[in-house]
Amino acid sequence: GKVFPFGDAKSMGDPSAALPPGIKAMHIEPTPTAKGYWIVNEDGGVYAFGDAPALGNVDAGALAPKERVTSLNSTPSGKGYWVFTTKGRVLPFGDAKGFGDLLNLNLNGAVKSSVATPSGQGYYMVASDGGVFAFGDAKFRGSMGAVKLNQPVESLVPTRDGAGYWLVASDGGIFAFGTAPFRGSMGDKKLNKPVVGM
């Protein structure tokens with residue numbers, strides 16, 4: 001839960017002293033103004049700093065056994081956010097609207113990451129098997145869900161035009177879809193530690 005600023009970024013606080021024992025911080029999400037951020041932990045606690053509004057936490061008792069929170073995405077206004085879980089549950093807070101979730105699907109891998117579209121009218125989720133799930137105005141461009149992977153996919157990053165995205169696996173493998181250009185990967189290199197994001 002510690003925050004380390006670089007360049008002109010400023011630390012506005014962190015939840016390291018407040019995290020329950022054994023619970024990990026999972027994601028930091030900046031506000032649209034970049035004057036604040038939220039940090040969410042794996043049991044759904046949301047910590048707001050700077051100009052990030054405190055809009056509520058996930059009720060950990062409502063999560064299924066072994067279900068964990070993976071990420072949090074801000075709405076364009078900064079007055080809301082979505083919280084996403086490993087089972088593809090989507091929990092909207094503030095002015096965030098729900099566009100669907102994955103709770104009725106039998107997933108082959110846990111959801112690892114999520115990204116809201118710039119309009120705030122949709123979002124992507126990506127699972128560890130490379131499956132990509134698009135909701136609202138998020139456009140599906142393909143996935144690795146039917147391909148045998150060497151290591152699990154960890155993250156999805158959309159292109160600026162919203163017409164493509166990259167996936168990254170923990171071994172550094174990169175997979176490009178739509179307008180996302182492939183520039184190379186670390187998939188054939190020996191890494192000291194797994195890749196966890198992009």
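Residues numbered from 1 in each chain as written. Predicted model: local features only at pLDDT ≥ 70, side-chain atom pairs only at ≥ 80, totals over all residues. Heavy atoms only, no water.

Enquirer: What exactly am I supposed to notice about the overall build of the protein here?
Expert: Regarding its fold elements, the protein presents zero helices and 12 strands. Listing the helices and strands of the protein from first to last along the sequence gives β-β-β-β-β-β-β-β-β-β-β-β. Against the compact-globule benchmark of 16 Å for 198 residues, the protein has a radius of gyration of 16 Å, which places it among compact chains. Expressed along its principal axes, the backbone C-alpha trace of the protein runs to roughly 40 × 35 × 35 Å. Out of the 198 residues belonging to the protein, those deemed buried represent 43%. When contacts within the protein are restricted to residue pairs at least 6 apart in sequence, those whose partners lie at least 24 apart make up 34%. For the protein, the computed accessible surface area is about 10500 Å², with 54% contributed by carbon and sulfur atoms. (Helix = DSSP H or I, 4+ residues; strand = E, 2+ residues; numbered from the N terminus. Rg over C-alpha atoms; globule rule 2.2 N^0.38 Å. Buried < 20%, exposed > 50% of the residue type's maximum accessible area, 1.4 Å probe, protein only. Contact = heavy atoms within 4.5 Å. Areas by Shrake-Rupley, 256 points an atom, 1.4 Å probe, with all protein chains shown as cover.)

Enquirer: Just checking my understanding: could you explain the environment of Tyr81 for this structure?
Expert: For Tyr81, the position within the fold is in strand E5 (residues 80–85). A C-alpha to C-alpha distance of 6.0 Å links Tyr81 and Pro92, two positions 11 residues apart in sequence. One polar contact links the side chain of Tyr81 to the main-chain carbonyl oxygen of Gly56, over a distance of 2.7 Å. (Polar contact = N/O pair within 3.5 Å; in protein donor to acceptor, adjacent residues only side chain to side chain.)

Enquirer: Teacher, can you tell me more about the packing of aromatic side chains here?
Expert: The geometry of an aromatic ring pair is captured by two quantities: the separation of the ring centres and the angle between the planes. Under the criterion given, the structure shown has nine aromatic pairs. Cluster of aromatic residues (ring-pair linked, three or more members): Trp82, Phe84, Phe99, Tyr123 and Phe135. (Phe/Tyr/Trp six-rings, centres within 6.5 Å; stacked < 30°, edge-to-face > 60°.)

Enquirer: Got a minute to help me understand the nonpolar core in this structure?
Expert: Side chains of a nonpolar character, in soluble globular proteins, are inclined to be buried together. Counting 14 residues, the largest nonpolar core has Val132, Leu156, Tyr165, Leu167 and Phe175 as its most contacted members. Among the elements of the structure, strand E8 (122–127), strand E10 (153–158), strand E11 (164–169) and strand E12 (174–178) are those that each provide at least two residues to this core. Looking at this core, the element that brings in the most residues is E11, giving three residues. Listed in part, the 11 residues of the second largest apolar core include Val46, Val58, Leu63 and Leu72. (Core = buried A, V, L, I, M, F, W, Y, C linked by side-chain atoms within 4.5 Å.)

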